[in-house]
Number of protein chains: 2
Amino acid sequence: MTRVLLAGASGFVGGSVLRALLDRGHEVDAVARRGGQARERVRWHATDLLEPGAAEALVTELEPELMLDLAWYAEHGRFWDSTENLRWVDATLRLAHAFTEARGRRALIAGSCAEYAWGPALLRENDSALEPSTLYGAAKHATHVVAAALAAQGHSELVWGRLFFLYGPGEHPDRLVAAVARSLIAGERVATSEGAQVRDFMHVDDAARALVELLESPVTGAVNVASGLGVSVREVVTMIGELTAGLDHVDFGAIATRAGEPERLVADVARLREEVGFTPAIALRDGLDATVRWWREQPALP
Amino acid sequence: MTRVLLAGASGFVGGSVLRALLDRGHEVDAVARRGGQARERVRWHATDLLEPGAAEALVTELEPELMLDLAWYAEHGRFWDSTENLRWVDATLRLAHAFTEARGRRALIAGSCAEYAWGPALLRENDSALEPSTLYGAAKHATHVVAAALAAQGHSELVWGRLFFLYGPGEHPDRLVAAVARSLIAGERVATSEGAQVRDFMHVDDAARALVELLESPVTGAVNVASGLGVSVREVVTMIGELTAGLDHVDFGAIATRAGEPERLVADVARLREEVGFTPAIALRDGLDATVRWWREQPALP
């Protein structure tokens with residue numbers, strides 16, 4: 001058992017990571033702007049990491065040995081080009097710096113597939129070009145570059161977990177899986193693109209377990225946290241249609257594919273599989289089934 | 001004639017760039033923490049860009065069309081690994097963001113050869129690996145990544161001028177050329193390494209003119225600002241020895257070469273030569289001669 005500082009503990013991924021840390025027997029110092037629900041082995045810290053000095057004060061107090069940092073601006077539909085990304089570069093670097101100053105041993109910070117130059121070849125950590133086409137991807141990549149240099153000169157370990165396309169219960173209701181599931185459960189029609197784009201989908205609980213195993217491993221540097229399997233958006237929507245018995249309510253091709261939408265974004269997961277030893281446990285259909293069942297239990301959104 | 005916002009106007013490079021801008025007929029809004037000496041066509045702004053809101057206020061007031069940003073932490077012997085570099089990432093990105101928000105047309109920000117993975121091959125802007133081995137290099141590279149994304153989404157032009165090894169009058173007295181010149185002028189002995197390391201040296205006035213021509217050009221992206229000529233440290237020290245008639249006071253090999261010191265760091269300057277059309281005007285021996293003469297005129301330092 002170790003005490004882990006978990007920043008961004010109240011988000012979609014953070015909630016799942018918190019459970020995964022507890023499952024593995026850790027105690028957690030959970031950081032979120034508004035705190036969170038009390039539970040055993042969790043100490044909540046209601047801290048806004050954007051506030052000057054906040055990260056420094058927290059880390060000085062807690063002296064964490066391990067840190068898992070998921071905190072970032074993530075507002076659906078806005079995060080790609082918001083200049084909030086600049087504030088999170090600074091906040092994340094201040095936290096990473098405070099962590100090494102307090103002699104933290106090992107930090108895992110969340111990166112993104114948006115750091116890569118998007119292209120059809122498998123995206124590989126140490127080969128693929130890092131040429132982000134969005135401000136979000138640029139901000140994440142820049143943060144990695146500096147955090148890695150800070151860790152190197154502070155003699156702490158840094159692992160950078162590049163997340164791909166996550167889905168699962170608790171996801172923002174307007175994101176693909178959630179939006180299609182909600183509409184079909186409600187018996188509404190769903191207009192989608194042809195859905196030929198291929199993406200690397202992973203259930204958030206698999207991603208959370210991967211992040212925790214990565215934190216516990218000795219692996220450093222960038223590691224893709226993904227399934228390694230390419231699935232078309234059409235296949236995903238079709239599965240949700242079958243699981244909700246609403247497939248005839250889906251109008252494929254009713255919406256044009258967004259301009260500049262990359263054809264294929266799939267991770268090479270050799271590092272995660274071979275160096276960390278992680279294997280996903282949740283097959284796509286099972287994960288979508290669980291997600292659909294979760295949405296059935298939610299009160300309808302306005 | 002255009003009005004140019006020059007940030008970092010009081011530094012070693014900034015002073016020379018200020019003269020070069022005036023030579024080319026520009027008016028200058030010169031920014032430095034403590035302001036500077038009054039002269040025609042220069043408006044000084046005593047602004048600390050690290051202060052929250054300072055960059056934003058300045059740019060909102062001035063609405064610059066062109067910006068040349070040299071401001072960064074540059075304390076000799078400290079800047080490589082100082083965490084001041086983190087504050088300058090943030091300050092530079094806030095300035096770049098404010099500039100695009102104010103509909104600035106074109107910005108040139110100073111980068112560094114420290115952004116590259118140091119190796120013996122010519123360092124080329126769009127080919128060579130960007131794997132900085134210092135916090136300073138990482139911070140500069142990270143700033144470029146994000147500033148480029150900001151410029152792209154703000155529809156402004158960004159050019160990133162990677163400076164190599166500059167020398168000239170006004171340089172910090174403890175840097176190589178200055179230190180050797182001062183000691184030999186004073187008749188003191190100079191202990192150096194064997195000096196086999198090859199570097200790309202450029203006179204600061206050539207670099208300043210290159211930066212101004214780059215700002216005036218339509219070229220965007222990363223551009224090396226360098227001579228393209230590799231010269232060994234031994235050759236440079238030998239020239240200074242000859243120019244001061246103090247060569248017999250130099251003890252080559254008296255100091256071990258620093259561990260990890262790269263053998264050869266030389267820029268590919270095809271972009272600067274061919275796309276910008278810039279050619280250096282100051283041969284190394286002439287530049288060193290002018291520098292030695294300048295140091296002769298300075299009062300001895302304590």
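Residues numbered from 1 in each chain as written. Chains lettered and ligands numbered in written order. Predicted model: local features only at pLDDT ≥ 70, side-chain atom pairs only at ≥ 80, totals over all residues. Heavy atoms only, no water.

### Thoughts on the sheet that holds strand 1 (residues 3-7) of chain B
All names here are of chain B.
So, point 1. Taken together, the seven strands give an open sheet; going across it, the order is 3-2-1-4-5-6-10, and neighbouring strands pair in parallel fashion. Both edges of this open sheet fall to strand 3 (42-46) and strand 10 (221-225), since each of them pairs with a single strand only. On average, each strand axis in the sheet is tilted by 20° relative to the strand beside it, whichever way the strands run.
So, point 2. Two strands pair when backbone bridges link them, and strand 1 and strand 4 (residues 66-69) are joined in this way by four bridges, in the parallel orientation. Bridge pairing in strand 4 places Ala7 opposite Asp69.
So, point 3. In the packing of helix 3 (residues 84-101) onto the sheet, the strands contacted are strand 1, strand 4 and strand 5 (106-112), and the crossing angle to strand 4 comes to about 175°. (Pairing = 2+ DSSP bridges. Helix = DSSP H or I, 4+ residues; strand = E, 2+ residues; numbered from the N terminus. Axes fitted to C-alpha atoms, helices over the stretch in contact; angles between N-to-C directions. Contact = heavy atoms within 4.5 Å.)

### Side note on the relation of the copies chain A and chain B
So, point 1. Least-squares fitting of chain A to chain B yields an RMSD of 0.0 Å, with the superposition described by an axial translation of 0.0 Å and a rotation of 180°. Put plainly, the chains are arranged around a two-fold axis. Residue Ala142 of chain A, judged by its C-alpha, is the member of chain A lying nearest the rotation axis, at 2.1 Å. (Least-squares fit on C-alpha atoms with pLDDT ≥ 70 in both.)

### Some details on the interface of chain A and chain B
So, point 1. At the junction of the two partners, chain A supplies 19 residues and chain B supplies 19 residues.
So, point 2. For the chain A face of the interface with chain B, the top three residues by lost area are Leu86, Val146 and Gln153 of chain A, together amounting to 30%.
So, point 3. At the junction of chain A and chain B, the tally comes to zero salt bridges.
So, point 4. Counting across the interface, chain A meets chain B through two residue pairs in polar contact (both at pLDDT 80 or more).
So, point 5. Counting residues per element, the side of chain A that touches chain B draws most heavily on helix 4 (residues 135-154) of chain A, which supplies 10 residues.
So, point 6. In the side of chain A that touches chain B, the residues fall into 12 nonpolar, five polar and two charged. (Buried area = accessible area lost by both parts, 1.4 Å probe. Salt bridge = Lys/Arg side-chain N within 4 Å of Asp/Glu carboxyl O. Polar contact = N/O pair within 3.5 Å; in protein donor to acceptor, adjacent residues only side chain to side chain. Nonpolar A, V, L, I, M, F, W, Y, C, P; charged D, E, K, R; others polar.)

### Some details on the side chain of Ser156 of chain A
So, point 1. Its place among the elements puts Ser156 of chain A in the loop between helix 4 and strand 6 (157-163).
So, point 2. Not counting the four nearest positions on each side in its chain, Ser156 of chain A is found in contact with Thr100, Gly104, Arg105 and Ala151 of chain A.

### Topic: the packing of aromatic side chains
Two aromatic rings are characterised by how far apart their centres lie and by the angle between their planes.
So, point 1. The full count for this structure, using the stated rule, is 16 aromatic pairs over all chains.
So, point 2. Note on Trp72 of chain B and Tyr136 of chain B: the rings are 6.5 Å apart at their centroids and 80° apart in plane angle, and the pair reads as edge-to-face. A residue pair is termed long-range when its members are at least 10 positions apart, and Trp72 of chain B in the loop between strand 4 and helix 3 and Tyr136 of chain B in helix 4 (residues 135-154) qualify at 64 residues.
So, point 3. By relative accessible area, Trp72 of chain B is classed as buried at 12%.
So, point 4. Cluster of aromatic residues (ring-pair linked, three or more members): Trp72, Phe79, Trp80, Trp118 and Tyr136 of chain A.
So, point 5. If you follow Arg234 of chain B out to its NZ or CZ, it ends over the ring of Phe252 of chain B, 4.1 Å from the centre. (Phe/Tyr/Trp six-rings, centres within 6.5 Å; stacked < 30°, edge-to-face > 60°. Buried < 20%, exposed > 50% of the residue type's maximum accessible area, 1.4 Å probe, protein only. Lys NZ or Arg CZ within 6 Å of the ring centre and 35° of its normal.)

### Comments concerning helix 3 of chain B
All names here are of chain B.
So, point 1. Under the 1.5 Å per step criterion, the end-to-end length of helix 3 is 26 Å for 18 residues, consistent within 8% with the ideal 26 Å.
So, point 2. Burial analysis of helix 3 places 15 of its 18 residues in the buried class, the great majority of the element.
So, point 3. Where helix 3 ends, the next residue or the one after it, Arg103, has phi of about 60°, a positive value. (Expected span 1.5 Å × (residues − 1).)

### Observations regarding unusual backbone geometry
So, point 1. Not every positive phi belongs to a glycine, and Glu63 of chain A is a case in point at roughly 45°.
So, point 2. Tracing the chain through its elements places Glu63 of chain A in the loop between helix 2 (54-62) and strand 4 (66-69).
So, point 3. Taking relative accessible area as the criterion, Glu63 of chain A reaches 58% and is therefore assigned exposed.
So, point 4. A positive phi is found at His155 of chain B, a non-glycine position, where the angle reads about 55°.
So, point 5. With respect to the helices, strands and loops of the structure, His155 of chain B is situated in the loop between helix 4 and strand 6 (157-163).

### Some thoughts on the confidence of the model for chain A
So, point 1. For chain A, the average pLDDT comes to 96, and 99% of its residues sit at 70 or higher.
So, point 2. Reported for the predicted complex are a pTM of 0.95 and an ipTM of 0.93. (pLDDT = per-residue confidence, 0-100.)

### Here's the deal with the pattern of salt bridges
So, point 1. Counted according to the given criterion, the structure contains 49 salt bridges over all chains.
So, point 2. The closest approach of N and O atoms between Asp29 of chain A and Arg43 of chain A, which form a salt bridge, is 2.8 Å. In this pair, Asp29 of chain A sits in strand 2 (residues 27-32) while Arg43 of chain A sits in strand 3 (residues 42-46), placing the two residues 14 residues apart along the sequence.
So, point 3. As a salt-bridge pair, Asp205 of chain B and Arg19 of chain B come within 3.6 Å of each other at their nearest N and O atoms.

### A word on the environment of Ala191 of chain A
So, point 1. In this structure, Ala191 of chain A sits in strand 8 (residues 190-192).
So, point 2. Each C-alpha atom of the pair Ala191 of chain A and Ile255 of chain A lies 6.3 Å from the other, and the pair is 64 residues apart in sequence.

### Quick notes on the pairing of strand 1 of chain B
Residues and elements named next belong to chain B.
So, point 1. Among the five residues in strand 1, four count as buried, and that is most of the element.
So, point 2. Bridge analysis of strand 1 against strand 2 (residues 27-32) gives five bridges, and the strand direction is parallel. What sits directly across from Leu6, in strand 2, is Ala30.
So, point 3. Handedness of the crossover joining strand 1 and strand 2 through helix 1 (residues 12-23) is recorded here as right-handed. (Right-handed = clockwise from strand over helix to strand, strands pointing away.)

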